[in-house]
Amino acid sequence: MKKIIIVAIMAVVAVAANAQKYALIDMEYILKNIPAYERANEQLAQVSKRWQAEVEALTTEASTMYKNYQNEVVFLSQEQKQAKQDAIMQKEKEAADLKKKYFGPEGELFKKRESLMSPIQDEIYNAVKEVSELRGYQLVLDRASDNGIIFASPKIDISNEVLGKLGY
């Protein structure tokens, strides 16, 4: 799928190169030079670490319950065995549910990342759009995310101009 997208982009670039102006940006370079992005990443790392500790605490608790069960199993009645097994499975389920809640595809970390990064990305997009309209670029590619660019002249890289537009 990625190769098809790259080929399509390269085809668009080839057609656009004949009569249209284009430029490149390096999104990684731009983001590294935006302090708000670094702060957002630090905040995400702290939240992620805290949530991971919560999940690990539940997992460790379930593991301890299982070890205790293994040591006591010979002394327990069938009902006690079943009750302990149910408690262990419940604790494992709690850990799995918490992990999904925090780190799942639509989890809290995803939502937090969206809320922190969307304003930064929108600001960058608007700056790229302004520079593009000012200079008459019909196409702006991100060299950081496109593996299909083998060589590009530094003359068409507008990353510093975008940073300037953002005030950095």
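Further up the page is the structure itself.
What counts and how
Residues numbered from 1 in each chain as written. Predicted model: local features only at pLDDT ≥ 70, side-chain atom pairs only at ≥ 80, totals over all residues. Heavy atoms only, no water. Helix = DSSP H or I, 4+ residues; strand = E, 2+ residues; numbered from the N terminus. Expected span 1.5 Å × (residues − 1). Contact = heavy atoms within 4.5 Å. Polar contact = N/O pair within 3.5 Å; in protein donor to acceptor, adjacent residues only side chain to side chain. Phe/Tyr/Trp six-rings, centres within 6.5 Å; stacked < 30°, edge-to-face > 60°. Buried < 20%, exposed > 50% of the residue type's maximum accessible area, 1.4 Å probe, protein only. Arc of directions from axis to C-beta. Salt bridge = Lys/Arg side-chain N within 4 Å of Asp/Glu carboxyl O.

Caption draft 1: Structural detail: helix H4 (residues 78-103). When the terminal C-alpha atoms of H4 are compared, their 37 Å separation across 26 residues agrees well with the 38 Å that a helix rising 1.5 Å per residue should span. Considering only its buried residues, H4 is in contact with helix H3 (35-72) and helix H5 (108-135).

Caption draft 2: Focus on the side chain of Asp142. Along the polypeptide, Asp142 turns up in strand E2 (residues 137-142). Within the structure, the side chain of Asp142 is placed 3.0 Å from the backbone nitrogen of Met27, a separation counted as a polar contact.

Caption draft 3: Seen up close, the packing of aromatic side chains. Taken as a whole, this structure holds three aromatic pairs when the rule is applied. When the centroid spacing of 6.3 Å and the interplanar angle of 80° are considered together, the rings of Tyr102 and Phe103 count as edge-to-face. The exposure class assigned to Tyr102 is buried, which follows from its relative accessible area of 8%. Members of the aromatic cluster, each reached through a chain of ring pairs, are Trp51, Tyr102 and Phe103.

Caption draft 4: Summary view of the side chain of Lys91. Among the secondary structure elements, Lys91 is positioned in helix H4. Judged by relative accessible area, Lys91 falls into the buried class, the value being 14%.

Caption draft 5: Broad picture of helix H6 (residues 159-166). Among all positions of H6, only Ser159, Val162, Leu163 and Leu166 are buried. Projection of H6 onto a plane perpendicular to its axis shows the buried side chains occupying an angular sector of 100°, all on one side.

Caption draft 6: Structural view of the pattern of salt bridges. In total, this model carries seven salt bridges according to the counting rule given. Taking the shortest distance from any N to any O, the salt bridge between Lys91 and Glu61 comes out at 3.1 Å. One end of the pair, Lys91, is in helix H4; the other, Glu61, is in helix H3, and 30 residues separate them in sequence. Here Asp157 makes a salt bridge to Arg143, at a shortest N to O gap of 3.1 Å. Taken together, the residues Asp157 in the loop between E2 and H6 and Arg143 in the loop between E2 and H6 connect sequence positions 14 residues apart. Residue class for Arg143 comes out partly exposed when judged on its relative accessible area of 26%. Overlapping salt bridges bring together Glu61, Lys91 and Glu94 as one network.

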